[in-house]
Amino acid sequence: MTGEMRAHDDHWYDDPEFVESLPRWLRAYATYSRALGDRNSRRVPGGSFVLRTLQSMIATFPGAHVTAVRARSDLQIAVDSTDLRLLEVFYESRSQNPEQSVLRTLLREGDSFIDVGANYGTFSLVAASIVGPSGRVVAIEPQPKLAGLIRKSAQLNGFANLEVENLAAGSGRSDGRIYVPRRDTGRAGLHPAFSARTRYDTLDARVERLDSAIDWRGLPGNLVMKIDVEGAERDVIRGASDLIDDRNPALIVELNPWSAGAAGYTVPELLDALKEKGYDCFVPVASFVGAGSEIVATDRQQNIVATHANTAVVSDRILTSYSRRIDPLSTCAE
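The paragraphs below set out a description of the structure included in this document. (Residues numbered from 1 in each chain as written. Predicted model: local features only at pLDDT ≥ 70, side-chain atom pairs only at ≥ 80, totals over all residues. Heavy atoms only, no water.)

**Quick look at the overall build of the protein chain**
Point 1. Helices and strands together make up the secondary structure of the protein chain, namely 17 helices and twelve strands.
Point 2. Evaluated residue by residue, the protein chain yields a buried proportion of 52% over its 334 residues.
Point 3. Of the accessible surface of the protein chain, which amounts to about 14,900 Å², a share of 49% is contributed by carbon and sulfur atoms. (Helix = DSSP H or I, 4+ residues; strand = E, 2+ residues; numbered from the N terminus. Buried < 20%, exposed > 50% of the residue type's maximum accessible area, 1.4 Å probe, protein only. Areas by Shrake-Rupley, 256 points an atom, 1.4 Å probe, with all protein chains shown as cover.)

**Some thoughts on helix α3 (residues 24–36)**
Point 1. Between its terminal C-alpha atoms α3 stretches 19 Å, which fits the 18 Å expected from 13 residues at 1.5 Å a residue.
Point 2. Along α3, the residues that are buried comprise Trp-25, Leu-26, Tyr-29, Ala-30 and Ser-33. Considered in projection along α3, the buried side chains sweep an arc of 145° and stay on one side of the axis. When the buried face of α3 is taken as reference, the exposed residues oriented beyond 90 degrees from it are Arg-24 and Ala-35.
Point 3. Residues of α3 that are buried sit in contact with α2 (16–20), α4 (47–58) and α5 (86–93). (Expected span 1.5 Å × (residues − 1). Arc of directions from axis to C-beta. Contact = heavy atoms within 4.5 Å.)

**Some thoughts on the pattern of salt bridges**
Point 1. The tally for this structure, following the rule as stated, stands at eleven salt bridges.
Point 2. Ionic pairing is found between Asp-14 and Arg-39, a salt bridge with its closest N-O pair at 3.4 Å. Highlighted residues: Asp-14 in the loop between α1 (3–9) and α2 and Arg-39 in the loop between α3 and α4, separated in sequence by 25 residues.
Point 3. On the basis of relative accessible area, Asp-14 is assigned to the partly exposed category, the value being 22%.
Point 4. Since its relative accessible area comes to 22%, Arg-39 is described here as partly exposed. (Salt bridge = Lys/Arg side-chain N within 4 Å of Asp/Glu carboxyl O.)

**Quick look at the nonpolar core**
Point 1. In terms of nonpolar packing, the biggest core is built from 54 residues, with Trp-12, Leu-103 and Leu-162 touching the most fellow members.
Point 2. Here the element with the most residues in this core is helix α7 (residues 122–131); it accounts for seven residues.
Point 3. Beyond its immediate chain neighbours, meaning those up to four positions away, Leu-162 contacts Ser-124, Leu-125, Ala-128, Val-137, Ala-139, Ile-150 and Ala-154. (Core = buried A, V, L, I, M, F, W, Y, C linked by side-chain atoms within 4.5 Å.)

**Section: the packing of aromatic side chains**
To describe a pair of aromatic rings, one takes the distance between the centres and the angle between the planes.
Point 1. Under the counting rule described, the total for this entry stands at seven aromatic pairs.
Point 2. The interplanar angle of 15° and the centroid separation of 6.1 Å between the aromatic rings of Trp-12 and Tyr-29 together place this pair among those described as stacked. Taken together, the positions of Trp-12 in the loop between α1 and α2 and Tyr-29 in helix α3 put the pair 17 residues apart, joining distant regions of the chain.
Point 3. Given a relative accessible area of 10%, Trp-12 falls into the buried group.
Point 4. A relative accessible area of 3% places Tyr-29 in the buried class.
Point 5. Taken together through their ring pairs, the aromatic side chains of Trp-12, Tyr-13, Phe-18, Tyr-29, Tyr-32 and Phe-90 make up a single cluster.
Point 6. Seen from the ring of Tyr-91, Arg-42 lies directly overhead, with NZ or CZ sitting 4.0 Å from the centre. (Phe/Tyr/Trp six-rings, centres within 6.5 Å; stacked < 30°, edge-to-face > 60°. Lys NZ or Arg CZ within 6 Å of the ring centre and 35° of its normal.)

**Section: the sheet that holds strand β7 (residues 174–181)**
Point 1. Strand order in this open sheet of three strands is β6-β8-β7, and the pairing throughout is mixed. Of all the strands in the sheet, the pair left with one neighbour each is β6 (168–169) and β7.
Point 2. With two bridges connecting them, β6 and strand β8 (residues 200–208) associate as parallel partners. If you follow Ala-168 over to β8, its bridge partner there is Val-207. (Pairing = 2+ DSSP bridges.)

**Topic: the packing of α3 against α4**
Point 1. Taken N-terminus to C-terminus, the directions of α3 and α4 make an angle of 170°; their axes are 11 Å apart at the nearest point. Relative to α4, α3 is oriented roughly antiparallel. Contacts between α3 and α4 involve Trp-25, Leu-26, Tyr-29 and Tyr-32 on the former and, on the latter, Gly-47, Ser-48, Val-50, Leu-51, Leu-54, Gln-55 and Ile-58.
Point 2. Per-class residue counts for the contact of α3 with α4 are eight nonpolar, three polar and no charged. (Axes fitted to C-alpha atoms, helices over the stretch in contact; angles between N-to-C directions. Parallel < 35°, antiparallel > 145°, perpendicular 65-115°, else oblique. Nonpolar A, V, L, I, M, F, W, Y, C, P; charged D, E, K, R; others polar.)

**So, the side chain of Thr-185**
Point 1. Counting through the fold element by element, Thr-185 comes out in the loop between β7 and α9 (192–195).
Point 2. For Thr-185, a relative accessible area of 13% gives the class buried.
Point 3. Apart from the residues within four sequence positions on either side, Thr-185 is in contact with Asp-83, Arg-85, Asn-119, Tyr-120, Gln-143, Leu-146 and Val-180.

**Details of the packing of helix α6 (residues 98–106) against α7**
Point 1. One way to put it is that α6 packs onto α7 with a least axis distance of 10 Å and a crossing angle of 30°. Classified by the angle between their axes, α6 and α7 sit roughly parallel to one another. Note on packing geometry: the crossing formed by α6 with α7 is right-handed. From α6, Glu-99, Gln-100, Leu-103 and Arg-104 reach across to α7, where they touch Phe-123, Val-126, Ala-127 and Ile-130. (Left-handed = near helix turned anticlockwise from the far one by under 90°.)

**Notes on unusual backbone geometry**
Point 1. In the Ramachandran plot, Asn-119 falls in the positive-phi region, its phi being about 55° despite a non-glycine side chain.
Point 2. Along the chain, Asn-119 turns up in the loop between β3 (112–116) and α7.
Point 3. In this structure Asn-119 comes out as buried when scored by relative accessible area, which is 8%.
Point 4. In this model, Asn-248 sits at a positive phi of 50°, which is unusual for a non-glycine residue.
Point 5. Mapped onto the elements of the fold, Asn-248 is located in the loop between α12 (241–247) and β10 (250–255).

Next comes the structure, spelled out in structure tokens:
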């Protein structure tokens, strides 16, 4: 393909099958985006205003805003179309997303995946399709509405291997409060200094250690875990101490200096917490799959893959995957 065709292929609104799965008003927005969108970026002039206006109109019709979209990998994902995170879910659901590529690199049939802060469960659904009936996926999501939509998506796709836990993972057991920015589920979290900076709603949540909240010992195959919890990442790691020591999972972790600061720590301190659990290889997701040459940054939001370097020696399967994409592992921490 030409470079121009590849650029076009990256945009959700240029995918006819994907657009056809959307409700009419979103198909109209796709037409607008296709006409005015920048083919070299994800920018659509005036797009945010137009989309938010349409979403506000649809939100006045109760029940009309939940829909199922068909992703590039033929997955169906149930979404709230009035959520400000909607376009990000579209991006996540498509096969070009680097996190999807990481999952396809690390997971095989019969493996397991824990999705901490699953949101709409996009990556849980992708993982469920990869690990198959003999594998298992556990989605951790404290927002009841989203947990319900993940269950609906699992049913739509026939994924009996995907279970949903409606709780917040943390360093201990407690009653917590989730702050949800109005119509923006992606920034919801336990720390108001990050998640309650604009108009917000609150939800009561059960906070649990992963060590005791799920049956991680019974998860088959190799284990991969994603942690994206708007500042609670360090607490999740502390609350999964036994799990991590026993299973050595590869981790996909969000680094965010603003959410970390709201939780009272820094990104270097989060990396130190990972090092204390034996992780000594940190690679940005795009670099991990050969789609970029980024280095780990502590001053901006970034998703990384954290692994134990000796895992590549122990597991022939993971060694094969790593050597194909990172040769040598020059971005691993000393």
